[in-house]
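# Remarks on the overall topology
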Amino acid sequence: MTGQWFESAVETRLHSFLLIYDTTTKISKVQGGSKVQKKAQNIMSKVGVVSLIAVTAASTVACGTSNSSSSGGGVASQTVTLWVRTGTPLPDVVKLFNQKLKKQGSKYTVKVVELPNQDVPTKFSAAIAANQVPDLISMDVVLAPYFASIGAFKNLQSFYNGLSMKDQMIQSMVNQGQYKGGQYAIPEDADVSAILYNKTLFAQAGITKPPSNWQEILNDAKKLTDPAKQQYGYVYPGSDGGFFMFTFLPYIWANGGHILNSTGTKSELNQSSAVDALKFFQKMNQEGLMEPNASAATANQVTSMFENGHAGMIGEGTFMVDTLDTQFPNLKYGVVPIPNADGSKYGSFAGGDEIAIPAGAKNPKIAEEFIKFVLSPQVQVDLFAKNGDLPVVKTDFQNKYFDQNTAYKPFLTALENSQVPYTTQYNQLYNPVTSAMQDALQNKGSAQSIFDTATQNINKILNSSH
Amino acid sequence: MVAVVRKIKGALKLTQRRGYHPDKGFKLAAFIFPAVAIVVLFFGIPLTLTAVMSFFHWPLNGPKVFIGFSNYVRAFTDAQFWDSIGYTALYTIIVTPPIFVTAFIMMLLTERKLPGMAIFRSIYFVPFVLSMVASSLIWLNMYNNPFGIIDYVLSSLHIISHPISWISSGWMSTISIVIMITWKTSGFTMMILLAGMQGISEEVLEAASVDGATYFRRLIYIIIPLLRRYIALSLVISVIGSFLGFDQFFVMTNGGPSNETMTIVYWIFQNAFSYFHTGYSSAMSVILLTILMGITVVQLKFLGGLED
């Protein structure tokens, strides 16, 4: 979306250039005439140049100011608008909820607006600025603290207190919805990380059981790697900050380390437990067990390698189970939780979505009803679990759908050990951690020195006030 | 002041001599108004607002606080801002010559009035019609190591023995992007130059031939001088477009590795839309505007000096 918008701005600018430049050059080409005329031409020419520059700059800087939302804001009294990122199961929930409302003879209808993941904060920001917020918004769990901190969400503390299943919800996700003692967002669906491995490649390499500690991952990766077949033991996209958070941080957590301290005010990446995890990745890469050029690889590239049988292991999320089962039915894969160095503990990232009612939303009562519906077993089990999404209510973990598919069991273990960094500046952490991992995979320094630098950079961000 | 009044009076007399009547002014204004309104609405107002925001701490929600030049001071002390400016300038310097030279050669090849030449012109122009995001994705996959088609072809032809990591270090990534952008935008520059070429009288070239001028001499002493307005235009567009490079970096390198390919527009984008530092990103935009104004004025002044 952003790319398309930007491109159209650039194209508009180019056409403007041509028009203005042509006008100015045509004027300046007029031969003869008085001195006044020539001066006038000169002035016009300069005006043209300044206009040209202004048009250029304006269309560039416009990206910092104008990105208005045309959909969903300013709802009619009987329509409740819900914004979600694409890929969440909520559109199906809305259908069920609307059926329920119809049966009850309610005047309300929920309308769902799907937005690309990266556009959710931008569009929502524009909606806040324009005072045209939707009635409900569902967003990536990591963004909730920021929007809660700027007062974009209604405080749902009393509503949360009244929820019968509140003590059964995943605590790390509940924490993400909190800010200064208030509950501003509620967990909706979960997606945790684990290691996926290719059972066929494991069998071909003579490996009889999945890895349970770092040494086993390393040994297995050695046996699985065969560059002649373009086959690699463990694949990782170094260019993707999201993958760092989702699939590398769990190694640090499992090993007893953290990216941030408990108050989210200081980075702890330079501690030995975190540095050891980076050393482990550096070693795998140095020994050629990762794909060539892992530092620049993208998430799509490595995922595609795993899907097409070119990767022995990859860190991925729950959502992959459904993708692999439906789109790659011939791929035999297994799942294991991400272990620490000696395999005594596990780590996982508690991803997923939180749902909130924006401050100033016009239909909070029906919005709260919708959230209650999302948390009901009818949705958490019969819709989410059935479609391969993890419920956020622990009592719903054991269900007939997960019992039928063994791939989910390790994810449930991962879920119990899952964490998510709490910070209102989460998006800003992508840059230093991605740079750190890329430096490590390009052997630009020791793991300790790389994480020392990353720690300094993160602390600088956490200390910044803007 | 007196001189200015005289100039205005002179200009008015000039227009009157050309048959100007006051009621014609309204008609002219009516024609111009839509264009002016669009420019004011979509460029003038956002530009003004950006300039205003650059002096504020401007959160998405809550009170906006006037902080004077703090955002500008922050920009001038932000190492990444200067790194991005430096990289963008370097990228612009690197990418402009190949685009122009390729376009110029393509123009010389396709300007001849031979049967089927229009097909070649269309083929060369087609990449420009593709969206930048789509082009970037296509090339990203072509550069893929070890599955990309470029490495496959080079290996098959025994030109390379090991796959090349095209998108890897800062330098390799830059070279890869320069190749892609040259492929993508040369066709557009070629069209500008072709338009200029159409305006060169065949008689002039024929007369030079009769006088014994070789093709090379005709190119140097007739074609290039007569094309200079078009060359100037294409270079201005190319330089500004390169300085505003974003999509290709967003898709192909994410500004990496380790921020080595972080262009200034990408850094502004990150601050505005990922970090929500609206005031700060506005200040950087204003600085970028100033830099671009300077570059364009210098460029046009230099190239304009070549005119009659």
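Details of the structure are given in the entry above.
In short, a report on the structure. For clarity, every value in this text was computed on a predicted model and none was experimentally measured.

What follows is about the overall build of chain B. The secondary structure content of chain B amounts to 14 helices and two strands. Its C-alpha atoms give chain B a radius of gyration of 25 Å, more than 25% over the compact-globule value 19 Å for 308 residues. Projected onto its principal axes, the C-alpha positions of chain B cover 75 × 75 × 30 Å. Residue pairs at least 24 apart in sequence account for 67% of intrachain contacts in chain B once pairs closer than 6 positions are excluded. Of the roughly 15800 Å² of accessible surface on chain B, 73% is carried by carbon and sulfur atoms.

Further remarks concern helix α7 (residues 149-156) of chain B. Residues and elements named next belong to chain B. Along α7, the residues that are buried comprise I150, D151 and L154. Down the axis, α7 shows its buried residues gathered within 95° of arc, on one side only. Each element contacted by the buried residues of α7 is listed here: α6 (132-143). Remark: H158 follows α7 within two positions and exhibits a positive phi of approximately 60°.

What follows covers empty space enclosed by the protein. For the structure on display, the rule yields three cavities of 30 Å³ or more. Its volume calculated, the second largest cavity comes out at about 130 Å³. Lining the second largest cavity we find 13 residues, and of these N293, A297 and Q301 of chain A together with N144 and N145 of chain B sit closest to its centre. When residues of the lining of the second largest cavity are traced back to their parent elements, those giving at least two are α12 (299-307) of chain A together with α6 of chain B. With three residues, α12 of chain A is the largest single contributor of residues to the lining of the second largest cavity. In the lining of the second largest cavity, the residues fall into eight nonpolar, four polar and one charged.

As a further point, take the side chain of S282 of chain B. All names here are of chain B. For S282, the position within the fold is in helix α14 (residues 278-304). We classify S282 as buried; its relative accessible area is 1%. Non-local contacts of S282, meaning those with residues more than four positions away in its chain, are made with T50, M53 and S54.

Counting residues in each nonpolar core, the largest one holds 145 residues, and the members touching the most others are F147, F153, F248, Y251 and F451 of chain A. In terms of residue count, helix α10 (residues 241-254) of chain A provides more of this core than any other element does, nine residues in total. When sequence neighbours within four positions are dropped, the list of residues in contact with F147 of chain A reads P121, F124, S125, I128, M139, A152 and F153 of chain A together with L60 and F276 of chain B. In terms of nonpolar packing, the next biggest core, distinct from the first, is built from 48 residues, I85, Y91, L154 and V265 of chain B among them.

Attention shifts here to the packing of helix α3 (residues 70-77) of chain B against helix α4 (residues 79-110) of chain B. Each pair of packed helices can be described by the angle between their axes along with the distance between the axes. All names here are of chain B. For the pair α3 and α4, interaxial distance at closest approach is 5 Å and the crossing angle is 65°. With respect to each other, α3 and α4 are oriented roughly perpendicular. Contacts from A75, F76 and T77 in α3 reach A79, F81 and W82 in α4. Here the contact of α3 with α4 is built from residues that sort into five nonpolar, one polar and no charged.

Rules and cut-offs
- Residues numbered from 1 in each chain as written.
- Chains lettered and ligands numbered in written order.
- Predicted model: local features only at pLDDT ≥ 70, side-chain atom pairs only at ≥ 80, totals over all residues.
- Heavy atoms only, no water.
- Helix = DSSP H or I, 4+ residues; strand = E, 2+ residues; numbered from the N terminus.
- Rg over C-alpha atoms; globule rule 2.2 N^0.38 Å.
- Contact = heavy atoms within 4.5 Å.
- Areas by Shrake-Rupley, 256 points an atom, 1.4 Å probe, with all protein chains shown as cover.
- Buried < 20%, exposed > 50% of the residue type's maximum accessible area, 1.4 Å probe, protein only.
- Arc of directions from axis to C-beta.
- 1 Å grid on protein atoms, 1.4 Å probe; cavity = no way out; pocket = protein on both sides within 12 Å on 5 of 7 lines; lining within 4 Å.
- Points joined across faces, edges and corners; volume = space filled by probe spheres on them.
- Nonpolar A, V, L, I, M, F, W, Y, C, P; charged D, E, K, R; others polar.
- Core = buried A, V, L, I, M, F, W, Y, C linked by side-chain atoms within 4.5 Å.
- Axes fitted to C-alpha atoms, helices over the stretch in contact; angles between N-to-C directions.
- Parallel < 35°, antiparallel > 145°, perpendicular 65-115°, else oblique.

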